[in-house]
Amino acid sequence: MKFSRIFASTTHDMAIDLGTVNTVIHVRDRGIVLNEPSVIALETNNGIRRVKVVGNEAKLMMGKTPNNIQAIRPLRDGVIADIDVAEQMIKHLIDKALGGPARLPRRYEVVICVPSGSTMVERRALRDAASNAGASRVQLIEEPMAAAIGAGLPVTEPVGAMVVDIGGGTTEVAVLSLSGIAYSGSVRIGGDKLDDAISSHIRRMHNMLVGEITAERVKHVIGSAIMPADGGATMIVKGRDLVNGRPAEVTVSEAEIANALAEPVSQIIGAVRSALEATAPELSADIIEEGITLTGGGALLRGIDVAISDATGLPVTVANDALICVAMGAGQALELPSYAAVLAAA
């Protein structure tokens, strides 16, 4: 009752960064209220499928479910792969963000972040998923713009600003000025591809199969975009031996993982270089002064800022709160009149 009364009298009530790995929800006047994995667990009983859990609880089930339960990530490469499951996940995450299911139907308006390289079909799928989850109105904002706003870049001024948003499914590179995007590029390389590179390397070099949760943990603990001078830290990794089929463990080093990540990191650097080559001269002059700002979970990979700086010769900084920059920026765009043009353009 309380929430439905509040949201009936507001506009653009909620901003959602519907990410491949995490979903972050910003509610008007309350800030970030939810940051959980984009995972949903579905349970099938007597041919009827229902939602068991979403978010943190569902991620704990990944790779460990019985036959009648599926833990699913309905987004891949930054876009919806399964629209029906995505609708259910969005609805349950919104309910969780707003304090549980409402006794009366809620009416709220939503701003959703989309990759700059997404197609019209992919954008329509996002709109439909949010509408079917209960949103009365859906607006879109491109992820690089939201990331730049969240990072505090002067996107409304006649000054060039460059942002690189390294998400779970895509890396977005954009040059922004005067509330618009002067250049944008998107490559489907992100945290998922880094995890895949790690698991592929361990399978190839150690004949051991590891799950995506284990690969992600290796990335967080000893992952690096630059080669350490002395081999770096080591870590014990557990999985299944492909030769004899038994559980096994191996020790991997930071240098080994840096070598495994070299290819996807080079593709991210290539996207940054392409953006710089396509940028107008006056904007390039501003970028020399301001440098490049990194956002997204991938920006937290050890040494990624150094690797990009070495490749471009420009200063590179990682934004504060890089993980939630996109949702924070989308939230500011829906709350502050000065960013109205950003939503209108989307």
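Residues numbered from 1 in each chain as written. Predicted model: local features only at pLDDT ≥ 70, side-chain atom pairs only at ≥ 80, totals over all residues. Heavy atoms only, no water.

The name given to the chain in an unreviewed UniProt entry is Cell shape-determining protein MreB, with the source organism recorded as Sphingobium phenoxybenzoativorans. As stated in UniProt under Function (unreviewed entry), the record for the chain gives "Forms membrane-associated dynamic filaments that are essential for cell shape determination. Acts by regulating cell wall synthesis and cell elongation, and thus cell shape. A feedback loop between cell geometry and MreB localization may maintain elongated cell shape by targeting cell wall growth to regions of negative cell wall curvature." Turning to the chain, the UniProt record has this under Subunit (unreviewed entry): "Forms polymers." (UniProt positions renumbered as here; feature names shortened; annotations may be inferred.)

Novice: Account for the UniProt feature "binding site: ATP" (unreviewed entry) in the chain, with residues named and values stated.
Specialist: Per the UniProt record, the feature "binding site: ATP" (unreviewed entry) sits at G168, G169, T170, E216, R217, V218, K219, G297, G298, A299 and L300. From the set just named, the residues that line the largest pocket comprise G168, G169, T170, E216, K219, G297, G298 and L300. Considering the arrangement of structural elements, one finds V218 in helix α7 (residues 212–222). Residue classification places V218 among the buried residues on the basis of a relative accessible area of 0%. Taking relative accessible area as the criterion, A299 reaches 4% and is therefore assigned buried. When neighbours within four sequence positions are excluded, A299 is seen to be in contact with I166, L294, I304, V318 and A322. (1 Å grid on protein atoms, 1.4 Å probe; cavity = no way out; pocket = protein on both sides within 12 Å on 5 of 7 lines; lining within 4 Å. Helix = DSSP H or I, 4+ residues; strand = E, 2+ residues; numbered from the N terminus. Buried < 20%, exposed > 50% of the residue type's maximum accessible area, 1.4 Å probe, protein only. Contact = heavy atoms within 4.5 Å.)

Novice: Describe the nonpolar core, with residues and values.
Specialist: Generally speaking, soluble globular proteins have nonpolar side chains that are buried together. Judged by nonpolar contacts, the single largest core of 40 residues is most densely connected at M162, V237, L261, I292, L294, I304 and I308. Sequence-distant contacts of I308, defined by excluding residues within four places in its chain, comprise I269, V272, I292, L294 and V316. Formed by 32 residues, the second largest nonpolar core is a distinct cluster that contains I25, I80, L93 and L140. (Core = buried A, V, L, I, M, F, W, Y, C linked by side-chain atoms within 4.5 Å.)

Novice: Explain the sheet that holds strand β15 (residues 234–241) to me, using residue names and the numbers behind them.
Specialist: Here we have three strands laid out as an open sheet, ordered β14-β15-β16, and antiparallel in their pairing. A single partner strand is all that each edge strand has here, and the edge strands are β14 (208–209) and β16 (247–253). Taken together, the seven bridges between β15 and β16 define a ladder with antiparallel strand orientation. Paired with K238 across the strands is E249, a residue of β16. (Pairing = 2+ DSSP bridges.)

Novice: Pulling in residues and values, what's your account of the pairing of strand β1 (residues 14–18)?
Specialist: Among the five residues of β1, five are classified as buried, and the element is accordingly described as predominantly covered. Of the two faces of β1, the one lined by M14, I16 and L18 and the one lined by A15 and D17 are each fully buried. Here β1 runs beside strand β9 (residues 108–114); their pairing, made up of three bridges, is parallel. Bridge assignment links I16 to a residue of β9, and that residue is I112. Summarising the sheet, β1 and strand β2 (residues 22–27) pair through five bridges and their orientation is antiparallel.

Novice: I'd like a description of the environment of D310, backed by residues and values.
Specialist: Inspection of the secondary structure assignment puts D310 in helix α10 (residues 304–312). Judged by its relative accessible area of 61%, D310 is exposed. Spatially, the C-alpha atoms of D310 and I269 are 10.0 Å apart, while their sequence positions differ by 41 residues.

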